[in-house]
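Report on the structure
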Amino acid sequence: MSKGSGDIREATAYAPASVGNVAIGFDILGFSVDALGDRVTVRRRKEPGVVITSITGVPEELPLEPERNTAGRALLAMLDALKPGCGFEMRIEKGIPLGSGLGGSAASAVGAVVAANAVLSGPCTRVELLKFAMQGEAVASGSLHVDNISPSLYGGLVLTVGIEQPMVKQIPVPDGVRAVIVHPHMFLSTKQARAMLRPAVDLSDFVWQTANLAGFISGCYTNDIDMIRACLEDVVIEPQRQALIPGFREARAAAMQAGALGCSISGAGPTMFAWALEPDAPAVLDAMRREFASRSVETDNWIVDICSPGARIVEERAS
C-alpha cells in the first residue's frame, strides 16, 4: 500500500476477490483470490463528502449514492473518523460478479479505503482501514463481518478475531496446496443466505465445528495435510445453505473423489471452492465443472495460489 505522502492527488487500488468462511470459520476465516478483483480510483477534492462518478464492469446497476454503496459508505466512515478537511471523488471498476460469493462488496470497500489512504497526508494503519471497510460491507450483508474484507486487504489465508477491536492473523498454508474456484452462473444474495440460517446450533455440532477449525489451523501451521483433509468440513452452515446451489452435493462429491482435501461453499455462495494438492487440482476442477455442465450451468473456473497478495496501489497521480 502507498505511504500516503500527501503529494498524491489521485490513486487507483486493486482489491482481490476472496473466499469467506473457508467452510469451518464462519465470519472469521477467509483467503484472497487474486485472479479477479475490483479497481477503485479515488481523487482528493476540496469539497467535503463523497461523490461516485461512475461504476463500470458489471451489467447490473449499482447505486451511485455513497450511503447505499459499499465503497461510498466506507469512505464516509473514513472521512467522519479522520476529518481530513477534504472530500473524495471515486470511480469503481467491478471485476467480481455480483452475488457470486467471492467478496465483491468487500473488495469495493477495501479498494476505496486503500486508494483514499494513498492521497491523505497522514496514512492509516491496515487495522484502521479494515474498520472503515467493515462499515461499507454492512451495506451489502446487513451485518459487520470481516471474513472477506480481511483477506482482500491483507492477502492470503486470514483469521480475524473481534469486531470492535479486530485482531488479524495471516495463517501459513502448506506448500503445494492450491485452491480450486468454480463459480456457477447464478446469483445469490448475501442477505438472503444469512437470513435463512438458524439462530442456534446443537451442542454436538458446535463441538464438531470447533474441533474442525482448531484442527484445520493446526494443520496449516504444521504442514499436516492429513489433518487439513480431516478437518476441512463444515457441519453447521453448509448443510443449511447447500439447497440454494443446485448441483452442490454432486459437485462436492465429485471433487472429493478426484482428490480434494475439502470442498465447500465460498461465502454465501453460489461459488464453490476446494483445496487440493497441486497435481490433483486440475482433476478436481474438471470434476466439479462437469457436474454443473451436466445441469446446463455455465461456470467460471480458476486454480489459484492461496498465498496471494492483498489490496495494493496500482497507479498514482501527483498533485
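Residues numbered from 1 in each chain as written. Predicted model: local features only at pLDDT ≥ 70, side-chain atom pairs only at ≥ 80, totals over all residues. Heavy atoms only, no water.

Brief notes about the overall build of the chain
The secondary structure content of the chain amounts to ten helices and eleven strands. Computed over C-alpha atoms, the radius of gyration of the chain comes to 19 Å, within 12% of the 20 Å expected from 2.2 N^0.38 for 319 residues, which places it in the range of a compact globule. Seen along its three principal axes, the alpha-carbon backbone of the chain occupies a region of about 60 × 40 × 40 Å. Considering the chain as a whole, with its 319 residues, one finds that 54% of them fall into the buried category. Contacts spanning at least 24 positions in sequence make up 76% of the contacts within the chain whose residues lie at least 6 apart. Split by element, the accessible area of the chain, about 13,100 Å² in all, is 52% carbon and sulfur. Across the chain, the centroid of the 28 positively charged side chains sits 5 Å from that of the 35 negatively charged ones. (Helix = DSSP H or I, 4+ residues; strand = E, 2+ residues; numbered from the N terminus. Rg over C-alpha atoms; globule rule 2.2 N^0.38 Å. Buried < 20%, exposed > 50% of the residue type's maximum accessible area, 1.4 Å probe, protein only. Contact = heavy atoms within 4.5 Å. Areas by Shrake-Rupley, 256 points an atom, 1.4 Å probe, with all protein chains shown as cover. Lys, Arg positive; Asp, Glu negative; His and termini not counted. Charge placed at Lys NZ, Arg CZ, Asp CG, Glu CD.)

Thoughts on the packing of helix 1 (residues 70-82) against helix 2 (residues 104-118)
For the pair helix 1 and helix 2, the least separation of the axes is 7 Å and the interaxial angle reads 40 degrees. Classified by the interaxial angle, the pair formed by helix 1 and helix 2 is oblique. Crossing handedness for the pair helix 1 and helix 2: right-handed. For the pair helix 1 and helix 2, the contacting residues are T70, A71, A74, L75 and M78 in the first and S105, S108, A109, A112, V113, A116 and N117 in the second. Here the residues of the contact of helix 1 with helix 2 are counted per class, giving eight nonpolar, four polar and no charged. (Axes fitted to C-alpha atoms, helices over the stretch in contact; angles between N-to-C directions. Parallel < 35°, antiparallel > 145°, perpendicular 65-115°, else oblique. Left-handed = near helix turned anticlockwise from the far one by under 90°. Nonpolar A, V, L, I, M, F, W, Y, C, P; charged D, E, K, R; others polar.)

Focus on the packing of aromatic side chains
Applying the stated criterion to the full structure yields three aromatic pairs. Both rings, one in F31 and one in F273, keep their centres 5.9 Å apart while their planes meet at 75 degrees; by these two values the pair is edge-to-face. Taken together, the residues F31 in strand 2 (residues 29-45) and F273 in strand 9 (residues 272-277) connect sequence positions 242 residues apart. When sorted by exposure, F31 lands in the same class as F273, which is buried. Feature note: the residues F31, F216, F273 and W275 constitute an aromatic cluster, connected by ring pairs. (Phe/Tyr/Trp six-rings, centres within 6.5 Å; stacked < 30°, edge-to-face > 60°.)

As for helix 9 (residues 248-257)
Along helix 9, the residues classified as buried are F248, A251, A254 and A255. All buried residues of helix 9 fall inside an arc of 135 degrees around its axis, so they share one side. Residues of helix 9 that are exposed and point over 90 degrees away from its buried face: R249 and Q257. Lining the buried residues of helix 9 we find helix 8 (238-241), strand 8 (262-265), strand 9 and helix 10 (281-293). Of the residues one or two after helix 9, G259 is the one with positive phi, at around 115 degrees. (Arc of directions from axis to C-beta.)

Regarding the environment of M288
Turning to its location among the elements, M288 is positioned in helix 10. We classify M288 as buried; its relative accessible area is 0%. Beyond its immediate sequence surroundings of up to four residues, M288 is in contact with V180, V182, A251, A255, C263, M272 and A274.

Section: the packing of helix 9 against helix 10
The interhelical angle for the contact between helix 9 and helix 10, taken along N-to-C directions, is 155 degrees, at an axis separation of 8 Å. Classified by the interaxial angle, the pair formed by helix 9 and helix 10 is roughly antiparallel. Judged by the sense of rotation from one axis to the other, the crossing of helix 9 with helix 10 is right-handed. Together, E250, A251, A254 and A255 of helix 9 and V284, A287, M288, E291 and F292 of helix 10 make up the contact between the two elements. A per-class count over the contact of helix 9 with helix 10 returns seven nonpolar, no polar and two charged.

Structural notes on the sheet that holds strand 8
Strand order in the open sheet made by the four strands is 8-9-7-10, with antiparallel pairing throughout. Across the chains shown, the open sheet's two edge strands, defined by having one partner strand only, are strand 8 and strand 10 (299-305). Across the sheet, the mean angle from the axis of one strand to that of its neighbour is 20 degrees, orientation sign disregarded. Examined bridge by bridge, strand 7 (residues 177-184) and strand 10 share seven bridges and lie antiparallel to one another. If you follow I181 over to strand 10, its bridge partner there is W302. Together, strand 8 and strand 9 form the strand contacts of helix 9, whose direction differs from that of strand 8 by roughly 160 degrees. (Pairing = 2+ DSSP bridges.)

Looking at the confidence of the model for the chain
Within the chain, residue pLDDT values average 93, and 96% of them lie at 70 or more. Across residues 1-5 the pLDDT falls below 50, and counting only partners more than four positions away or on other chains, this stretch makes 20 contacts in the model. (pLDDT = per-residue confidence, 0-100.)

As for the environment of F216
Along the chain, F216 falls in helix 6 (residues 203-222). Classification of F216 by relative accessible area gives buried; the value is 0%. It is 8.0 Å that separates the C-alpha atoms of F216 and A230, two residues lying 14 residues apart in sequence. Dropping the residues within four chain positions of it, F216 is found in contact with V22, I24, L29, L157, I228, C231, L232 and W275.

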